[in-house]
Amino acid sequence: MGRRPKLGQHFLRDRAVRARIAEAAVESGDTALEIGPGQGALTKHLVRRANRVVALEIDPVLAAALRSACGAPPNLLVVRGDVIEADLAGLVAPAHRSRAVLVGNLPYYITSPILRAAFAAKKAFRRATFLMQREVAERAVACGGKRFGLLSCLCQLHSEPRLLFRVPSRAFSPPPAVESALVRFELRSGCPPTGLLAFLRACLAAPRKTLRNNLAGRYPSGLVAMHANAGKRAQQIGLDGLMRMWESLEKAEPSGPAAVGADRE
Ligand code: SAM
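Computed from a predicted structure; not experimentally measured.

The rules we used
- Residues numbered from 1 in each chain as written.
- Predicted model: local features only at pLDDT ≥ 70, side-chain atom pairs only at ≥ 80, totals over all residues.
- Heavy atoms only, no water.
- Helix = DSSP H or I, 4+ residues; strand = E, 2+ residues; numbered from the N terminus.
- Buried < 20%, exposed > 50% of the residue type's maximum accessible area, 1.4 Å probe, protein only.
- Lys, Arg positive; Asp, Glu negative; His and termini not counted.
- Charge placed at Lys NZ, Arg CZ, Asp CG, Glu CD.
- Phe/Tyr/Trp six-rings, centres within 6.5 Å; stacked < 30°, edge-to-face > 60°.
- Near = heavy atom within 4 Å.
- Polar contact = N/O pair within 3.5 Å; in protein donor to acceptor, adjacent residues only side chain to side chain.
- Areas by Shrake-Rupley, 256 points an atom, 1.4 Å probe, with all protein chains shown as cover.
- Nonpolar A, V, L, I, M, F, W, Y, C, P; charged D, E, K, R; others polar.
- Pairing = 2+ DSSP bridges.
- Axes fitted to C-alpha atoms, helices over the stretch in contact; angles between N-to-C directions.
- Contact = heavy atoms within 4.5 Å.
- Salt bridge = Lys/Arg side-chain N within 4 Å of Asp/Glu carboxyl O.

Novice: Even after reading the chapter, I still don't get the overall build of the protein, so can you show me in this structure?
Specialist: Along the protein, the regular secondary structure elements total ten helices and nine strands. Dimensions of the protein, computed from C-alpha atoms along their principal axes, come out at roughly 65 × 40 × 30 Å. By residue count, 51% of the 265 residues in the protein fall in the buried class. In the protein, 39 positive and 21 negative side-chain charges are present, and the distance between their average locations comes to 4 Å.

This is how it looks when you write it as structure tokens:
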């Protein structure tokens with residue numbers, strides 16, 4: 001079967017790693033939606049653990065061969081499609097949603113869009129467990145410091161992410177140029193409050209600038225300067241600190257950003 005490098009096809013060869021991922025991702029009774037099953041390296045473990053597995057693969061050749069590669073188990077449904085365009089929640093029957101999880105050894109070139117799609121579909125899933133580039137995994141879980149950024153905020157607003165273990169390149173064939181790590185996202189219900197994401201984006205627009213500078217123009221002059229963290233950078237106070245700052249600025253100036261013409265979302 002010809003490999004398509006543009007689709008991020010690095011197949012997991014290490015049996016022990018595959019088993020550990022399936023164990024971390026799925027409990028018995030779960031419905032698992034696997035993103036990018038490829039040749040079925042992980043799928044074979046998932047069908048043994050889960051009640052039902054829906055496997056979403058973009059490559060038509062791999063998708064056509066997947067059922068028989070896995071021994072045609074009755075609890076496997078293969079869907080040919082693009083994860084970015086698919087209705088992820090719609091792939092899980094409403095009756096199974098309370099026990100539905102997302103899992104995948106991701107195509108790394110679209111990790112961020114997949115995370116956004118997973119968060120957008122979180123009403124249907126309780127958890128997502130993804131193998132991704134190690135650096136991205138570290139950004140997802142960072143509470144501060146040089147890896148902390150908008151991706152950290154998004155991941156932590158929508159879930160409780162935990163980096164479970166690293167996976168070396170030699171566990172894949174062909175080996176990717178980067179190291180990998182498994183992250184489990186326990187998805188939170190509810191959405192971030194209106195306006196918060198726009199505030200976070202502004203705080204992180206120039207990561208080396210202080211919050212006072214990044215927020216210039218969003219609130220009346222002087223208001224931000226009065227805040228205890230105004231002279232710090234976003235990475236120094238992390239998501240909790242930024243959220244507290246947003247709440248106190250909004251309380252002091254509920255119509256602040258709109259009043260000075262900045263967009264709120
Ligand atoms: N799960 C397999 C494994 O662990 O060996 C394959 C993982 S490989 C890193 C990523 C898989 O995602 C490939 O099979 C690739 O064809 C598939 N893929 C790439 N882009 C995709 C997309 N947009 N939608 C769905 N699957 C995609």
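Read on, since the account is not over.
Novice: What is the right way to read the packing of aromatic side chains from this model?
Specialist: The description of two aromatic rings rests on the distance between their centres and on the angle between their planes. Within this structure, the stated rule accounts for three aromatic pairs. Ring geometry for Phe119 and Phe185: centres 6.1 Å apart, planes at 75 degrees, overall edge-to-face. A residue pair is termed long-range when its members are at least 10 positions apart, and Phe119 in helix α4 (residues 111-120) and Phe185 in strand β9 (residues 180-187) qualify at 66 residues. A relative accessible area of 0% places Phe185 in the buried class. Between Phe130 and Phe185 the ring centres are 6.2 Å apart and the planes differ by 55 degrees, which places this aromatic pair in the tilted class. With Phe130 in strand β6 (residues 127-133) and Phe185 in strand β9, the pair connects residues that are 55 residues apart, well separated along the chain. Across the pair, Phe185 and Phe130 agree in class, each one buried. In textbook terms, an aromatic cluster arises when at least three aromatic residues are bridged by ring pairs, as seen for Phe119, Phe130 and Phe185.

Novice: I would appreciate a short explanation of the site of the ligand in the present structure.
Specialist: Taken together, 23 residues lie near the ligand, and Gln9, Leu12, Gly36, Glu57 and Asn105 sit nearest. Residue Asn105 places a side-chain N or O atom 2.8 Å away from an oxygen atom belonging to the ligand. In the environment of the ligand, a nitrogen atom lies 2.9 Å from a nitrogen or oxygen atom belonging to the side chain of Tyr109. Surface burial for the ligand is 99%, taken as the share of its 590 Å² of free accessible area covered by protein chains. Counting only elements with at least two residues in the shell around the ligand, the list comes to β1 (11-12) and β3 (52-57). For the shell around the ligand, the class distribution of residues is 13 nonpolar, seven polar and three charged.

Novice: How should I be thinking about the sheet that holds β6 in this particular structure?
Specialist: Whenever strands of a sheet pair, they do so through backbone hydrogen bonds, lying parallel or antiparallel. A sheet is described by the order of its strands in space; here seven strands give the open sequence β4-β3-β2-β5-β6-β9-β7, paired in mixed fashion. Edge positions in the sheet fall to β4 (76-80) and β7 (159-167), since each has one partner strand and no second. Averaged over all pairs of adjacent strands, the angle between their axes in this sheet comes to 20 degrees, without regard to strand direction. Note: β7 against β9, eight bridges, orientation antiparallel. When the bridges of β9 are listed, Leu163 appears paired with Val183.

Novice: Before we go on, may I ask you to explain the pairing of β4 in this structure?
Specialist: A regular strand places its side chains on the two faces of the sheet in alternate fashion. Sheet analysis places β3 next to β4, joined by five bridges and oriented parallel. Bridge pairing in β4 places Glu57 opposite Arg80.

Novice: How should helix α6 (residues 150-158) be read in this particular structure?
Specialist: Quick reminder: α-helices carry 3.6 residues per turn. Residues three or four places apart thus point the same way. By the criterion of burial, α6 is predominantly enclosed, with eight of the nine residues buried. Every buried residue of α6 is listed here: Leu151, Ser152, Cys153, Leu154, Cys155, Gln156, Leu157 and His158. Buried-residue contacts for α6 involve α4, α5 (134-141), β7, β9, α7 (196-203) and α9 (234-252).

Novice: Explain the pattern of salt bridges to me, please; I cannot follow it from the model alone.
Specialist: Between side chains of opposite charge, pairing is possible as soon as their charged atoms come close. Per the stated rule, a full pass over the model turns up eleven salt bridges. Arg166 is the partner of Glu138 in a salt bridge, and the nearest nitrogen-oxygen pair spans 3.8 Å. In this pair, Glu138 is assigned in helix α5 and Arg166 in strand β7, connecting sequence segments 28 residues apart. The salt bridge involving Arg184 is made with Glu186; its shortest N-O contact spans 3.3 Å. Here Arg184 falls in the buried class, since its relative accessible area comes to 17%. Owing to a relative accessible area of 29%, Glu186 belongs among the partly exposed residues under this scheme. Connected through salt bridges with shared partners, the residues Glu27, Asp30, Arg99, Arg126, Arg127, Arg184 and Glu186 form a single ionic network.

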